[in-house]
Amino acid sequence: MEKSTQWNQEDGLSPVGWVAMLICIALFIYEHFWGNGFTTMVVMLYCSFLLPSVLITRRVQEKYFLYTLIYIRAFRKFTIVMSVAFLCLWLIATYTPLIH
């Protein structure tokens, strides 16, 4: 089967992916010591959406999802958007009480 040229993404883990994973680890450490129940749940949701968005690279897509590449790309884009949304939600939930 011919390889798709749509949305040429990287074969390996990009520097942005590494930074996102390090942010995830830092958030877990922060939540362990200073978090509450709501912000811990947001961090867990961030991590659960982050893992597929970072780890489903082009090589993984072509190896395991060859016949469903369009759907996996849409799933990956969705998980990227949800990861960013949960990171923003965590920032708002964590630092809004400090302002008041």
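Everything numeric here is computed off the predicted structure, so don't read it as measured data.

**Q** Could you give an account of the packing of aromatic side chains, with specific residues and numbers?
**A** Using the criterion set out here, one finds six aromatic pairs in the structure. Pairing Y30 with W90 gives two aromatic rings, centres 5.6 Å apart and planes at 85°, and the pair type is edge-to-face. Within this pair, whereas Y30 is found in helix α1 (residues 15-34), its partner W90 is found in helix α4 (residues 69-99), the two being separated by 60 residues in sequence. Look at Y30 and you get partly exposed, because its relative accessible area is 24%. W90 sits in the buried class, given a relative accessible area of 5%.

**Q** Help me get a handle on helix α2 (residues 37-55), residues and values and all.
**A** In this model, α2 (19 residues) spans 27 Å end to end at C-alpha, consistent with the 27 Å of a helix rising 1.5 Å per residue. For α2, every residue scored as buried is listed here: T39, V42, V43, Y46, C47, L50, P52, S53 and V54. Structurally, the start of α2 carries an N-cap: the backbone nitrogen of F38 is 3.1 Å from a side-chain oxygen of N36.

**Q** Summarise the nonpolar core; cite the residues concerned and give the values.
**A** Of all hydrophobic cores here, the largest spans eleven residues; its members are A20, C24, L27, V42, V43, Y46, C47, L50, V54, F86 and W90. Sort the elements by how many residues they give to this core and α2 lands first, with six residues. Apart from residues no more than four positions distant in its own chain, F86 is found in contact with V42, L45, Y46 and F49.

**Q** Break down the environment of L87 for me, with residues and values.
**A** With respect to the helices, strands and loops of the structure, L87 is situated in helix α4. The spacing of L87 and L27 is 60 residues in sequence and 9.6 Å in space, taken between C-alpha atoms. Once residues lying within four places of it in the same chain are set aside, the contact partners of L87 are I23, L27 and Y46.

**Q** Kindly report on the pattern of salt bridges, identifying the contributing residues and their values.
**A** Side-chain pairing between opposite charges can occur once the charged atoms of the two side chains come close. Using the criterion set out here, one finds one salt bridge in the structure. A salt bridge links R58 to E62, with the shortest nitrogen-to-oxygen separation between them at 3.2 Å. Taken as a pair, R58 and E62 lie in helix α3 (residues 58-64) at a separation of four residues, close to a single helical turn. E62 shares its class with R58; the two are buried.

Quick notes on the rules
- In every chain, residue numbers begin from 1 and rise along the written sequence.
- It should be noted that, the model being predicted, local features are given only for residues of pLDDT at least 70 and side-chain atom pairs only at 80 or more, the latter also being counted only at that level, while totals for whole chains, interfaces and linings use all residues.
- The side-chain figures draw on all heavy atoms in the structure; neither hydrogens nor water molecules are used.
- Here is the rule: rings of Phe, Tyr and Trp (six-membered ring for Trp) pair when centre to centre is within 6.5 Å. Planes less than 30 degrees apart are stacked, more than 60 are edge-to-face, and the remainder are tilted.
- Elements are defined by DSSP. Helices are runs of H or I of four residues or more, strands are runs of E of two residues or more, and each kind is numbered from the N terminus.
- Any residue under 20% of the maximum accessible area for its type is buried, any over 50% is exposed, and the rest in between are partly exposed; the area is computed with a 1.4 Å probe on protein chains only.
- Here the expected length of a helix is defined as 1.5 Å per residue gap, with one fewer gap than residues.
- Polar contacts here mean pairs of N or O atoms no more than 3.5 Å apart (in protein, one a potential hydrogen donor and the other a potential acceptor; neighbouring residues in sequence count only if both atoms are side-chain atoms).
- By nonpolar core we mean a set of buried residues, namely Ala, Val, Leu, Ile, Met, Phe, Trp, Tyr and Cys, connected to one another through side-chain atoms within 4.5 Å.
- Two residues form a contact once any of their heavy atoms are found within 4.5 Å.
- Each salt bridge in this description consists of a side-chain nitrogen of Lys or Arg and a carboxyl oxygen of Asp or Glu lying within 4 Å of one another.

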